[in-house]
Amino acid sequence: MGEGQYGIDPQTIKRIAEEVEGLVNAGIEVGMVIGGGNIFRGAGLAEAGMERVTGDHMGMLATVMNALAMQDALEDLGMYARVMSAIKINQICEDYIRRRAVRHLEKGRVVIFAAGTGNPFFTTDSAASLRAVEIGADLLIKATKVDGVYTADPIKDPTATRYDTLSFDEVLDQRLAVMDATAIVLCRDYKMPLCVLNINKPGALMNAMLGNNEGTSVR
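Residues numbered from 1 in each chain as written. Predicted model: local features only at pLDDT ≥ 70, side-chain atom pairs only at ≥ 80, totals over all residues. Heavy atoms only, no water.

1. Quick word on the sheet that holds strand β6 (residues 165-166)
Each strand in a sheet pairs with another by means of backbone hydrogen bonds, the pair being arranged parallel or else antiparallel. The strand order β5-β7-β8-β6 describes an open sheet built from four strands, whose pairing is mixed. Edge positions in the sheet fall to β5 (140-144) and β6, since each has one partner strand and no second. Relative to strand β7 (residues 194-198), β5 runs parallel, the two sharing five bridges. Within the sheet, the bridge partner assigned to Leu 140 lies in β7 and is Leu 194. (Pairing = 2+ DSSP bridges. Helix = DSSP H or I, 4+ residues; strand = E, 2+ residues; numbered from the N terminus.)

What follows is the structure, encoded as structure tokens:
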């Protein structure tokens, strides 16, 4: 949503697509899991009285909308992209099938995983961890608004300091706001390295790919 309070900002989508283009041109296979909080947050509406399952299903549909927007931005740059949904929406995107997703990646296509895990009560963080493990990714990147994991909220606490490296157990024991616990445990159990970085910093994704000191590394 860029600097807005709601919806999809075309310039933000384009900028992220250009960053992804640089990775693909460098020979890196890229899969993306996109959330839907800029359009709808199921958990938030559940707190207001809506049934949680209904709210989560609506949130999944919001991620499909974002995924289609990202696919369009990537294709506008001349790239090949496929949206694969965990819920069946055959008329607008493919169903998620692991082997097919891997084949798309091998052919140099960007795969955009939509609709989370397809199940209520699981966040897109959990979906990202799950898909990363399923496709045998080398690295899972949590692209957020801050440049890593801090000892406290850096916006509220100016004395907060950034961690360069953390272990998964440290994240869980200290209850650090990296990803939800389900996602962290999955990464830990399957030894999936994680990097938390600022998606708004130009070149951050490539820096992480090159092994430079970008964001916070969790292993």
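2. So, the packing of aromatic side chains
In the structure shown here, the tally under the stated rule is one aromatic pair. Ring centres of Tyr 96 and Phe 113 lie 5.6 Å apart, and the angle between their planes is 80 degrees; this geometry places the pair in the edge-to-face category. Here Phe 113 lies in strand β4 (residues 110-114) and Tyr 96 lies in the loop between β3 (94-95) and α4 (98-106), a separation of 17 residues in the sequence. Comparing Tyr 96 with Phe 113, the two get one shared label, buried. Across from the ring centre of Tyr 96, 3.8 Å away, lies the NZ or CZ of Arg 131, which sits over that ring. (Phe/Tyr/Trp six-rings, centres within 6.5 Å; stacked < 30°, edge-to-face > 60°. Buried < 20%, exposed > 50% of the residue type's maximum accessible area, 1.4 Å probe, protein only. Lys NZ or Arg CZ within 6 Å of the ring centre and 35° of its normal.)

3. A few points about the layout of surface pockets
Taken as a whole, the second largest pocket encloses approximately 170 Å³ of empty space. Lining the second largest pocket are 14 residues, and of these Cys 195, Asn 212, Glu 214, Ser 217 and Arg 219 sit closest to its centre. Within the residue set of the lining of the second largest pocket, elements represented by two or more residues are β7 and β8 (216-218). A per-class count over the lining of the second largest pocket returns four nonpolar, seven polar and three charged. (1 Å grid on protein atoms, 1.4 Å probe; cavity = no way out; pocket = protein on both sides within 12 Å on 5 of 7 lines; lining within 4 Å. Points joined across faces, edges and corners; volume = space filled by probe spheres on them. Nonpolar A, V, L, I, M, F, W, Y, C, P; charged D, E, K, R; others polar.)

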